[in-house]
Amino acid sequence: MDRNEMDTGTTFNTRPFVAAADANVGRAATLAELAPGARARVLSLQVHGPQRRRLMDLGLIAGAEVYREFSSPFGDPVAFRVFDSLVALRREQAEAIRVQLIDSETQPEKGAS
């Protein structure tokens, strides 16, 4: 993953958002890379323990479809639609969720996940 380190020792992600355009459909990425309005299917969670349990309790399980709704004014946290719930995740949490982009540029209908 492309990362840069600032003088403060803080790292930040420099990879661009990926949309569900034809060239990217089926491509694996992290949830943090999902562009606004794009959809993906959860492949795996790269965390363990209580953090993993929390994400699973929120509906982020293998096979679940996720739609990126919107982000806060400063970009963190980001809201994702999972099943019928709106879930807000920080970038660090979203980077731990591997997803596969799926072909759909429309918002999922209520109850249709």
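Look up a bit, the structure's there.
Rules used throughout
Residues numbered from 1 in each chain as written. Predicted model: local features only at pLDDT ≥ 70, side-chain atom pairs only at ≥ 80, totals over all residues. Heavy atoms only, no water. Salt bridge = Lys/Arg side-chain N within 4 Å of Asp/Glu carboxyl O. Helix = DSSP H or I, 4+ residues; strand = E, 2+ residues; numbered from the N terminus. Buried < 20%, exposed > 50% of the residue type's maximum accessible area, 1.4 Å probe, protein only. Pairing = 2+ DSSP bridges. Axes fitted to C-alpha atoms, helices over the stretch in contact; angles between N-to-C directions.

### So, the pattern of salt bridges
Next up, step 1: Applying the stated criterion across every chain yields a total of five salt bridges.
Next up, step 2: Ionic pairing is found between Arg 41 and Glu 65, a salt bridge with its closest N-O pair at 3.3 Å. One end of the pair, Arg 41, is in strand S4 (residues 39-45); the other, Glu 65, is in strand S5 (residues 65-71), and 24 residues separate them in sequence.
Next up, step 3: Since its relative accessible area comes to 31%, Arg 41 is described here as partly exposed.

### Regarding the environment of Phe 70
Next up, step 1: The topology assignment puts Phe 70 in strand S5.
Next up, step 2: Between the C-alpha atoms of Phe 70 and Ala 35, which are 35 residues apart in sequence, the distance is 9.4 Å.

### Re the sheet that holds S5
Next up, step 1: The sheet built from six strands is open, its strands ordered S3-S8-S4-S5-S6-S7 with antiparallel pairing. Two strands close off the open sheet at either side, each with one partner strand: strand S3 (28-30) and strand S7 (85-89). Geometrically, the sheet is characterised by an average inter-axis angle of 45° between neighbouring strands, direction not taken into account.
Next up, step 2: Bridge count for S4 against strand S8 (residues 97-102) is six bridges, and the pairing is antiparallel. In the sheet register, Ala 40 faces S8, and the bridge partner there is Leu 101.

### Here we look at the pairing of S4
Next up, step 1: As paired strands, S4 and S5 are joined by three bridges and run antiparallel to one another. For Ala 40, the partnering residue across the bridge sits in S5 and is Val 66.

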